[in-house]
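Survey of secondary and tertiary structure
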Amino acid sequence: MSISLQNISKNYGSQKALDNINFSIEKGQIVGFLGPNGAGKSTTMKIINGYLNPDAGEVQVNNVSVAENPMSTKAMIGYLPEHNPLYLDMYIKEYLLFCAKVHKVSKASVKIFIDKVGLKPEISKRIKELSKGYRQRVGLAAAMLHNPEVLILDEPTTGLDPNQLVEIRNLIKEVGKDKTVLFSTHIMQEVEAICDRVIILNKGKIVADRLMDEIKGKNLEEMFRSLTN
């Protein structure tokens, strides 16, 4: 399994953010991670990445323990957090070259991903001059530069216009052929368009874990509402 969570719990003071959740994801699967605001999606993603420690349970990435080998597992993961952290005064290429240096990958990777995520039209700009949609593209490029085996994307299409949505969906689908992709979203059409599987979280518990083939012909939005109301 590329990602494995076993009995994960996390509390913030008296609030139980995650309550004994379990799931695993195989290589080549694109999994939509759904849930209302405050359900625990971002907390789960941060625990997989090793940015947060669970209060109980174990996470493995490619059969390597995140708790025991945090640097090794982080090297296997490309992560785009919900609030995309960027150096706003840097130019796009300058920032991506910096990221490439951190990951010890070639400059050629930067050109490849500038093309892949469609940054060419804005390449001469500083990041602070970009729209939110183009900032998301910069974050996606940075997450994929080191060719990670696992991609964790927290609402990657936030701020994209309809044309950009289609382009990024297609990119995620293409990347997902040989990687493991877990991404959160509030847009049901995204899940229906590109996912192999959907996991729904509510109040820190998994309330559904279904293959998309199993729910074809059903209304995903209605299913979501019935499970999370």
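In the block above lies the structure referred to throughout.
Notes on the structure in this doc start here. Note that the structure is a prediction, hence the values are computed from the model and not measured. (Residues numbered from 1 in each chain as written. Predicted model: local features only at pLDDT ≥ 70, side-chain atom pairs only at ≥ 80, totals over all residues. Heavy atoms only, no water.)

Regarding the overall build of the protein
If you tally the helices and strands in the protein, you get 8 helices and 10 strands. For the protein, the C-alpha atoms occupy an extent of roughly 45 × 40 × 35 Å along the three principal directions. A buried classification covers 50% of the 229 residues belonging to the protein. Across the protein, contacts joining residues at least 24 apart in sequence account for 67% of those joining residues at least 6 apart. Total accessible area on the protein stands at roughly 11,300 Å², and carbon and sulfur atoms take up 48% of it. (Helix = DSSP H or I, 4+ residues; strand = E, 2+ residues; numbered from the N terminus. Buried < 20%, exposed > 50% of the residue type's maximum accessible area, 1.4 Å probe, protein only. Contact = heavy atoms within 4.5 Å. Areas by Shrake-Rupley, 256 points an atom, 1.4 Å probe, with all protein chains shown as cover.)

Section: the side chain of T43
If you trace the backbone, T43 turns up in helix α1 (residues 41–49). On the accessibility criterion, T43 (11% relative accessible area) is buried. Filtering out sequence-adjacent residues up to four positions away, T43 remains in contact with K10, Y12, A17, L18 and L52.

Let's talk about the packing of helix α3 (residues 92–103) against helix α5 (residues 132–144)
Contact pair α3 / α5: the axes reach a minimum separation of 9 Å and the direction vectors enclose 20°. As summarised for this structure, α3 and α5 are arranged roughly parallel, according to the angle between their axes. Classified by chirality, the crossing of α5 by α3 is right-handed. In this structure, α3 uses I92, Y95, L96, C99 and H103 to contact α5, whose residues at the interface are V138, A141 and A142. Grouping the amino acids of the contact of α3 with α5 by side-chain chemistry returns 7 nonpolar, 1 polar and no charged. (Axes fitted to C-alpha atoms, helices over the stretch in contact; angles between N-to-C directions. Parallel < 35°, antiparallel > 145°, perpendicular 65-115°, else oblique. Left-handed = near helix turned anticlockwise from the far one by under 90°. Nonpolar A, V, L, I, M, F, W, Y, C, P; charged D, E, K, R; others polar.)

Some remarks on the packing of aromatic side chains
Taken as a whole, this structure holds 4 aromatic pairs when the rule is applied. Considering the side-chain rings of Y87 and F98, the 5.7 Å spacing of their centres and the 75° angle between planes classify their relative orientation as edge-to-face. Placement of Y87 in the loop between β6 (77–80) and α3 and of F98 in helix α3 is noted, with a sequence separation of 11 residues between them. Under the relative-accessibility criterion, F98 is labelled partly exposed at 35%. (Phe/Tyr/Trp six-rings, centres within 6.5 Å; stacked < 30°, edge-to-face > 60°.)

Remarks on the packing of α5 against helix α6 (residues 162–175)
Following both chains from N to C, one finds α5 and α6 inclined at 10°, their axes separated by 12 Å at the closest point. Comparing the axis directions of α5 and α6 gives the class roughly parallel. Only Q164, E167, I168, L171 and V175 of α6 make contact with α5, whose side of the interface consists of G133, Y134, R137, L140 and M144. Of the residues that constitute the contact of α5 with α6, the class distribution is 6 nonpolar, 2 polar and 2 charged.

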